[in-house]
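Report on the structure
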Amino acid sequence: MSTPLNLLLTDATSIKEASNDYGNIIHHTPSAVLNPSSIQEIIDLVKLSYKSLTPFTISPRGQSHSVRGQAMARDGLVVNMMSLSKTGPRITVSSDCQYVDVGGEVLWIDVLKATIERGVAPVTWTDYLYLSVGGTLSNAGISGQTFLHGPFISNVLELDVITGKGEFITCCKNNNAELFFAVLGGLGQFGIITRARIIVDKAPTRVKWMRLIYRDFMAFSKDQEYLISSNVPDYIEGFLITDETTTNIWRSSFSSPSSQSEIATMLKKQRILYSIELVKYYDYRSAATIDEEVDALLGQLSFISSMIFSKDSSFVNFIERVSKVDAEDSLKSHPWLNLFIPKSRISDFHAGVLESVVPKFTGPDPIFIFYPINRSKWDDRMSAVIPGEEVFYKLALLHATKPEESESIDKLNNQILLFCETNRIEVKQYLPHFKTLEEWINHFGSKFETIRERKILFDPKCILSPGQGIFNS
């Protein structure tokens, strides 16, 4: 029988791939890579490290859609979780269609395909489906359904986890609960997720999909907050528009205003416009009344009445709306910044960041996403960190640039963080990246002692996910 070390790859191609991620900014070289053919091989590898006099670090790697080296292991070992899918995705929908069991390496696009065949689907999603289940649950998994159903981590019933001791443990809220809550949003610090049981529900078949344009930020934010409190829509996100290119792209697939020049004119008068993306699901049972429902909802909002982009789409096409990253994009750098901002400071944040800094970002088709989320849909026992207020906003500054230009983007990102620090706006980073333990302690706040205790309990030798730099900095 092969030992874990006999299975390791050290060829140049494997090492190079494991030394990079989607961010294409940080590059850490591992000693070797494991392409496991079974869960047992991963267990054996972790046990070998844990029992060693000089433990080596291990980082599970899914799609490596991280942007700051979080899935890397400098001089350690990288486990290519995608290798577990060689014989096909590990997906099983329950006989009563109440949940789906999926491997940690499985992509959400494959979860969608498998569940929709049974007429069901998860109730919440990520915007981009070509992410692994394990990687998503190690962070949170958020999108426009989060205000209504919570993040993905709030929709998990059970997990199989390999701890930093090499223990294989099945856990849920009522059994091995400390590990269950630790791993969800735990940034890979407490265990490797090998299976997740996800809640599903009857899937809609169609959607009414709209993008509404606003000049005024206060009207925009007021309407977003109204929408997430009404529980009438099924999806709410928002965009910051600094270039008419954004709406030009929308025109190719949406029924849209006849005069695109009006948007260009408005952007000459003010540096930024705002858009609410609003979706309402329906099927044959509600097809006769859906237009009336949508019209009633729109009647409560204060968008520019002549500026509405709309379309009727299948549910699957909507969920699949973000296409898979292509080879050209993978060569670029992605100096992203994702923040959660407390609602009480949103006016200050708007003045100091959205109006003052965001319009300075340049580059090919940047995407700026901005929308509110309800805190009540999150479980504070999980490791994920969010602001303490009942409503907070998500800002995603998503850039794709030449590698040599990423530093200039990060200067503006740091300007935003400095503004928040100077003005005591207690933002929290989503997909966080910090360089010192002090910064991590500040990030976790009152949760840090719990995080430290969980690390001692489940990964006392700091073997797992060193790329996060929390306990391995």
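Everything here concerns the structure above.
First, a word on what this report is: a plain description of the structure on this page.

Let's shift gears to unusual backbone geometry. Residue leucine 187 is not a glycine yet carries a positive backbone phi of 55°. Locating leucine 187 in the fold gives a position in the loop between helix H6 (177-183) and strand E10 (191-202). Here the phi dihedral of asparagine 231 falls at roughly 60°; this positive angle occurs in a residue that is not glycine. Here asparagine 231 is to be found in the loop between helix H7 (217-230) and strand E12 (235-241). Overall, the relative accessible area of 44% leaves asparagine 231 in the partly exposed class.

Looking at the secondary structure, you find histidine 443 in helix H15 (residues 437-444). With residues up to four places along the chain from it excluded, the contact list for histidine 443 reads Val385, Lys428, Gln429, Pro432 and Phe434.

Another point: the sheet that holds strand E3 (residues 58-61). Pairing within the open sheet is mixed, and its four strands lie in the order E1-E2-E4-E3. A single partner strand is all that each edge strand has here, and the edge strands are strand E1 (8-9) and E3. Note that E1 and strand E2 (residues 32-34) share two bridges and pair antiparallel. Bridge pairing links leucine 9 to valine 33 in E2.

With that settled, consider the nonpolar core. One finds Val102, Trp108, Trp125, Leu137, Leu159, Ile198 and Trp378 to be the most contacted residues of the largest nonpolar core, which totals 84 residues. If you tally residues by element for this core, the top one is H6, at five residues. Beyond its immediate sequence surroundings of up to four residues, tryptophan 125 is in contact with Trp108, Leu112, Ile142, Ser143, Gln145, Phe152, Phe315 and Ile319. Counting 45 residues, the second largest nonpolar core, distinct from the first, contains Val294, Phe303, Tyr393 and Val427.

Under the counting rule described, the total for this entry stands at zero disulfides. Cysteine 171 supplies the cysteine sulfur nearest to cysteine 462, a cysteine that is in no disulfide, at a spacing of 20 Å. Classification of cysteine 462 by relative accessible area gives partly exposed; the value is 21%.

On to the environment of isoleucine 199. Looking at the element boundaries, isoleucine 199 is found in strand E10. In this structure, the C-alpha to C-alpha distance between isoleucine 199 and valine 102, residues 97 residues apart in sequence, is 11 Å. Apart from residues no more than four positions distant in its own chain, isoleucine 199 is found in contact with Gln98, Pro122, Val123, Asn155 and Leu157.

Turning next to the pairing of E12. Taking burial as the measure, the seven residues of E12 include seven buried ones, the bulk of the element. Across the two faces of E12 the burial is the same, with Tyr235, Glu237, Phe239 and Ile241 and Ile236, Gly238 and Leu240 all buried. Direction of pairing for E12 relative to strand E13 (residues 273-282): antiparallel, over a ladder of seven bridges. Note on E13: the bridge partner recorded for tyrosine 235 is valine 279.

Within the fold, glycine 164 resides in the loop between strand E8 (156-163) and strand E9 (168-171). Distance in space between the C-alpha atoms of glycine 164 and isoleucine 409 is 36 Å, their sequence separation being 245 residues. If we ignore the near neighbours within four places in the chain, the residues touching glycine 164 are Val46, Tyr50, Phe190, Phe458, Asp459, Ile463 and Leu464.

Any two aromatic rings considered together are summarised by their centre-to-centre distance and by the angle between their planes. One pass over the structure, following the stated rule, counts 28 aromatic pairs. Arranged with centres 4.8 Å apart and planes meeting at 20°, the rings of phenylalanine 370 and tyrosine 393 form a pair that is stacked. With a gap of 23 residues between them, phenylalanine 370 in strand E16 (residues 367-374) and tyrosine 393 in strand E17 (residues 391-398) connect regions that are remote in the sequence. Take phenylalanine 370: its relative accessible area is 0%, and that puts it in the buried class. A relative accessible area of 0% means that tyrosine 393 is categorised as buried. An aromatic cluster is present here, built from Tyr214, Phe217, Phe220, Tyr274, Phe303, Phe370 and Tyr393 joined pairwise through their rings. For the cation-ring pair, lysine 311 lies above phenylalanine 254, with the distance from its terminal atom to the ring centre recorded as 5.2 Å. Lying across the ring of tyrosine 50, lysine 461 places its NZ or CZ 4.6 Å from the centre.

Throughout the structure, instances matching the rule amount to 22 salt bridges. For the salt bridge of aspartate 101 with arginine 195, the shortest nitrogen-to-oxygen distance reads 2.8 Å. Here arginine 195 lies in strand E10 and aspartate 101 lies in strand E6 (residues 99-103), a separation of 94 residues in the sequence. Residues aspartate 101 and arginine 195 agree in their burial class; the two are buried. A salt bridge links aspartate 379 to arginine 381; the nearest nitrogen and oxygen atoms lie 2.7 Å apart. We classify arginine 381 as partly exposed; its relative accessible area is 46%. Here the residues in one salt-bridge network are Asp101, Glu158, Asp160, Arg195 and Arg197, joined through shared partners.

The rules behind these values
- Residues numbered from 1 in each chain as written.
- Predicted model: local features only at pLDDT ≥ 70, side-chain atom pairs only at ≥ 80, totals over all residues.
- Heavy atoms only, no water.
- Helix = DSSP H or I, 4+ residues; strand = E, 2+ residues; numbered from the N terminus.
- Buried < 20%, exposed > 50% of the residue type's maximum accessible area, 1.4 Å probe, protein only.
- Contact = heavy atoms within 4.5 Å.
- Pairing = 2+ DSSP bridges.
- Core = buried A, V, L, I, M, F, W, Y, C linked by side-chain atoms within 4.5 Å.
- Disulfide = S-S within 2.5 Å.
- Phe/Tyr/Trp six-rings, centres within 6.5 Å; stacked < 30°, edge-to-face > 60°.
- Lys NZ or Arg CZ within 6 Å of the ring centre and 35° of its normal.
- Salt bridge = Lys/Arg side-chain N within 4 Å of Asp/Glu carboxyl O.

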